[in-house]
Amino acid sequence: MSNDNSANSTAASVSALPLSPGDWELDPFHSAVNFTIRHLGIAKVRGRFTEFKTGLYVGESLDDVRVSAEIALASIDTGNSDRDAHTRSAEILDVEKRPTMTFRSTQVSGEGEDWTIEGHLTIGDVTRPVTLAVEFGGVVDSPMDQRKHAGFEATGEIRRSDFGLDFGTGLLGDVVKLHLDMQFVGPQGQAG
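Report follows, based on the coordinates. (Residues numbered from 1 in each chain as written. Predicted model: local features only at pLDDT ≥ 70, side-chain atom pairs only at ≥ 80, totals over all residues. Heavy atoms only, no water.)

Thoughts on the environment of Ile42
Turning to step 1, where the next piece is worked out: Relative to the assigned elements, Ile42 resides in the loop between strand S2 (32–39) and strand S3 (43–49).
Turning to step 2, where the next piece is worked out: A residue is classified by how much of its surface remains accessible, and Ile42, at 68% relative accessible area, is exposed.
Turning to step 3, where the next piece is worked out: Separated by 130 residues in the primary sequence, Ile42 and Leu172 have C-alpha atoms spaced 10.0 Å apart. (Helix = DSSP H or I, 4+ residues; strand = E, 2+ residues; numbered from the N terminus. Buried < 20%, exposed > 50% of the residue type's maximum accessible area, 1.4 Å probe, protein only.)

Let's talk about the pairing of strand S4 (residues 52–58)
Turning to step 1, where the next piece is worked out: Side-chain alternation along S4 places Phe52, Thr54, Leu56 and Val58 on a buried face and Lys53, Gly55 and Tyr57 on a face that remains uncovered.
Turning to step 2, where the next piece is worked out: As paired strands, strand S1 (residues 22–26) and S4 are joined by three bridges and run antiparallel to one another. Paired with Trp24 across the two strands is Leu56, which belongs to S4.
Turning to step 3, where the next piece is worked out: The sheet contact formed by S4 and strand S5 (residues 66–72) spans six bridges and is antiparallel. Paired with Lys53 across the bridge in S5 is Glu70. (Pairing = 2+ DSSP bridges.)

Concerning a nonpolar patch on the surface
Turning to step 1, where the next piece is worked out: Taken together, the side chains of Leu40, Ile42 and Leu171 make up a nonpolar region of the molecular surface, amounting to roughly 310 Å² of accessible area.
Turning to step 2, where the next piece is worked out: Here Leu40 is to be found in the loop between S2 and S3. (Patch = residues over 30% accessible without salt bridge, like charges linked within 9 Å, V, L, I, M, F, W, Y side chains within 5 Å. Areas by Shrake-Rupley, 256 points an atom, 1.4 Å probe, with all protein chains shown as cover. Salt bridge = Lys/Arg side-chain N within 4 Å of Asp/Glu carboxyl O.)

Here we look at the layout of surface pockets
Turning to step 1, where the next piece is worked out: Space inside the largest pocket adds up to approximately 500 Å³.
Turning to step 2, where the next piece is worked out: Lining of the largest pocket is provided by 23 residues; of these, Phe35, Ile37, Ile76, Thr87 and Phe167 occupy positions nearest its centre.
Turning to step 3, where the next piece is worked out: Secondary-structure elements contributing two or more residues to the lining of the largest pocket are S2, S3, helix H2 (81–88) and strand S11 (172–185).
Turning to step 4, where the next piece is worked out: Each residue belonging to the lining of the largest pocket can be placed in one class, and the counts come to 17 nonpolar, four polar and two charged. (1 Å grid on protein atoms, 1.4 Å probe; cavity = no way out; pocket = protein on both sides within 12 Å on 5 of 7 lines; lining within 4 Å. Points joined across faces, edges and corners; volume = space filled by probe spheres on them. Nonpolar A, V, L, I, M, F, W, Y, C, P; charged D, E, K, R; others polar.)

Re empty space enclosed by the protein
Turning to step 1, where the next piece is worked out: Summed over all chains, the structure comprises one cavity of 30 Å³ or more.
Turning to step 2, where the next piece is worked out: By volume, the largest cavity is sized at about 510 Å³.
Turning to step 3, where the next piece is worked out: If you go around the largest cavity, you meet 29 residues; those closest to its centre are Val67, Ile117, Leu132, Val134 and Ala154.
Turning to step 4, where the next piece is worked out: Elements represented by at least two residues in the lining of the largest cavity include exactly S4, S5, strand S7 (100–111), strand S8 (114–123), strand S9 (126–141), strand S10 (148–159) and S11.

Some words on the pattern of salt bridges
Turning to step 1, where the next piece is worked out: Counted under the stated rule, the structure contains five salt bridges.
Turning to step 2, where the next piece is worked out: Between Glu25 and Arg147 there is a salt bridge whose closest N-O contact spans 3.2 Å. With Glu25 in strand S1 and Arg147 in the loop between S9 and S10, this residue pair connects regions lying 122 residues apart in the sequence.
Turning to step 3, where the next piece is worked out: Between Asp77 and Arg48 there is a salt bridge, with the nearest N and O atoms lying 3.2 Å from each other. Placement of the pair is Asp77 in strand S6 (residues 76–77) and Arg48 in strand S3, with a sequence separation of 29 residues.
Turning to step 4, where the next piece is worked out: Residue Arg48 is classed as partly exposed on the basis of its relative accessible area, which comes to 40%.

Here's what the structure looks like:
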């Protein structure tokens, strides 16, 4: 009987996956990595990272789905070049010492439009668990390249102090809210 339950569980996992198996490529022209942080506790500063790589591998079940990302911290853009230069400096992010922020998923769960990705985020030499809430936007066949495109919106938050980035206490909030818009292109040979 346990074999039947195991088979049913695997079948359910496979049918719950909205994407076909294979490596899905990031569409960088329709993707963004954004964040917000409180300033003086009364207002928000919004920014983005302009250089990032993301990988999405879909296997035969949820247990085989892997998501990874690498973000160049020096690519920070808050709309103010002086503030960005100061943020890159050794006084704040120290991008010479911490050039990238990386993410590796450990578990993907959900169905329909609502998904959760759990994983490890590393900034410099500090790694902490992070959970992202993901809204699946759907899959369409693109008329531009005749390939399948899938869209996702992911949100989550981290605490700067968890990563040893506790500069500017009282000036900047500890919580950084993440907002990612990602579009991926399906594996070659999977035209609509």
